[in-house]
Amino acid sequence: MTWADFYLTCFAVGFLLSAISFIAGGLRWHLHLPHFPGGGGHVGAGHVGGGHAPVVHGSAGDGTAAHAGHEAPMSPFNFVTLTAFLAWFGGTGFLITRFSSIWFALGLAIAMGTGIVGAAIVFLFLTRVLISHEENMDSADYEMVGVLGRISMSIRENGTGEIIYSQAGTRRTCGARSENGSALEKGAEIVVTRYDKGIAYVRLWEEMSNEERVTES
């Protein structure tokens, strides 16, 4: 086998495996969609009910939660970048061998450098576009129980009003009822304790905070 054949084989194998991995990745992306239970935002974790206030992470001032990332960073040394390296390395090496008379070692170095550059480009495309942090959706981030927000439309006694809250960087609204049936005024800061059939059942944040302090003391 000549070096031209070797480079051509590397290019063919790398190109074929790259095409297969991208097709398989596209099918997986379209068939396995993220699940968003309840359609709401998740502010806090913890057990709500029985007199225990939820553990809320983030500021209660504007109803915005702070979430830590759940996804581990992708390693640059993976199957996709390896196949990209083979394709670019083989293609460049083949062209140099067939259409250039430069020294063998220099051609090999150029081919390897081009392969590394190609693998880096593919890696950046994967991490910045296909699987960016904005598209890595965790279902826990859309859990309604524990959401912190404010009353945007007053809730009458045993009636329904509306709350406004921030979730995943977006301001959202939702129909709401008081958990104990009491009236809640517009602007009051609340915590969602239950979510059922598109309605959030809420309690005053101050009230739940006081209960938590009493329990701890």
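For the structure, check the block above.
Residues numbered from 1 in each chain as written. Predicted model: local features only at pLDDT ≥ 70, side-chain atom pairs only at ≥ 80, totals over all residues. Heavy atoms only, no water.

The relation between two aromatic rings is expressed through the spacing of the ring centres and the mutual angle of the planes. The tally for this structure, following the rule as stated, stands at eight aromatic pairs. Judged by centre distance (6.4 Å) and plane angle (80°), the ring pair of phenylalanine 6 and phenylalanine 89 falls under edge-to-face. Taken as a pair, phenylalanine 6 in helix H1 (residues 3-31) and phenylalanine 89 in helix H2 (residues 79-99) lie far apart in primary sequence, 83 residues in all. Looking at phenylalanine 6, the relative accessible area reads 32%, which means it is partly exposed. Centre to centre, the rings of phenylalanine 85 and phenylalanine 89 are 5.6 Å apart; their planes meet at 10°, and the pair counts as stacked. In this pair, phenylalanine 85 and phenylalanine 89 both sit in helix H2, four residues apart, roughly one turn of the helix. Taken together, the aromatic side chains of Trp3, Phe6, Tyr7, Phe85, Phe89 and Phe104 make up a single cluster linked through ring pairs. Across from the ring centre of tyrosine 201, 3.9 Å away, lies the NZ or CZ of arginine 194, which sits over that ring. (Phe/Tyr/Trp six-rings, centres within 6.5 Å; stacked < 30°, edge-to-face > 60°. Helix = DSSP H or I, 4+ residues; strand = E, 2+ residues; numbered from the N terminus. Buried < 20%, exposed > 50% of the residue type's maximum accessible area, 1.4 Å probe, protein only. Lys NZ or Arg CZ within 6 Å of the ring centre and 35° of its normal.)

Here the structure, examined in full by the defined rule, presents three salt bridges. Notably, a salt bridge pairs glutamate 179 with arginine 194, separated by 3.8 Å at the nearest N-O pair. Placement of the pair is glutamate 179 in the loop between strand S5 (170-178) and strand S6 (189-196) and arginine 194 in strand S6, with a sequence separation of 15 residues. Look at glutamate 179 and you get partly exposed, because its relative accessible area is 32%. With a shortest N-O distance of 2.7 Å, glutamate 207 and arginine 203 are connected by a salt bridge. Of the residues examined, glutamate 207 reaches a relative accessible area of 30% and is grouped as partly exposed. On the accessibility criterion, arginine 203 (17% relative accessible area) is buried. (Salt bridge = Lys/Arg side-chain N within 4 Å of Asp/Glu carboxyl O.)

Turning to the environment of alanine 119, a few remarks are in order. By secondary structure assignment, the location of alanine 119 is in helix H3 (residues 104-130). Look at alanine 119 and you get buried, because its relative accessible area is 13%. Separated by 43 residues in sequence, alanine 119 and proline 76 have C-alpha atoms that sit 8.5 Å apart. Once residues lying within four places of it in the same chain are set aside, the contact partners of alanine 119 are Thr81, Ala84 and Phe85. (Contact = heavy atoms within 4.5 Å.)

The next thing to look at is the nonpolar core. In this structure, Met144, Ile151, Ile163, Val192, Ala200 and Val202 are the most contacted members of the largest nonpolar core, which totals 14 residues. Secondary-structure elements contributing two or more residues to this core are strand S4 (160-167), S5, S6 and strand S7 (199-204). If we ignore the near neighbours within four places in the chain, the residues touching isoleucine 151 are Glu162, Ile163, Leu184, Glu185, Lys186, Gly187, Ala188 and Ile190. Counting six residues, the second-largest nonpolar core is a separate cluster that includes Ala4, Cys10, Phe89 and Phe94. (Core = buried A, V, L, I, M, F, W, Y, C linked by side-chain atoms within 4.5 Å.)

Together, Met1, Trp3, Phe6, Ile102, Trp103, Phe104, Leu106 and Ile110 give the surface a local cluster of nonpolar side chains, amounting to about 890 Å² of exposed area. Among the elements of the structure, H1 and H3 are those that each provide at least two residues to the nonpolar patch. By residue number, the principal contributor to the nonpolar patch is H3, which donates three residues. Along the chain, the position of leucine 106 falls in helix H3. (Patch = residues over 30% accessible without salt bridge, like charges linked within 9 Å, V, L, I, M, F, W, Y side chains within 5 Å. Areas by Shrake-Rupley, 256 points an atom, 1.4 Å probe, with all protein chains shown as cover.)

Moving on: unusual backbone geometry. We note that asparagine 158 has phi near 60°; this positive angle belongs to a residue other than glycine. In this model, lysine 197 sits at a positive phi of 50°, which is unusual for a non-glycine residue.

Our next topic: the pairing of strand S3 (residues 148-153). Looking at chain direction, S3 and S6 are connected through three bridges and run antiparallel. Across the sheet, residue arginine 150 finds its bridge partner in S6, namely glutamate 189. Both S3 and S4 contribute to a ladder of three bridges, which runs antiparallel. Along S4, the bridge assignment pairs arginine 150 with isoleucine 164. Here S3 folds back onto S4, and the loop between the two strands holds six residues, one of which, asparagine 158, carries a positive phi near 60°. (Pairing = 2+ DSSP bridges.)

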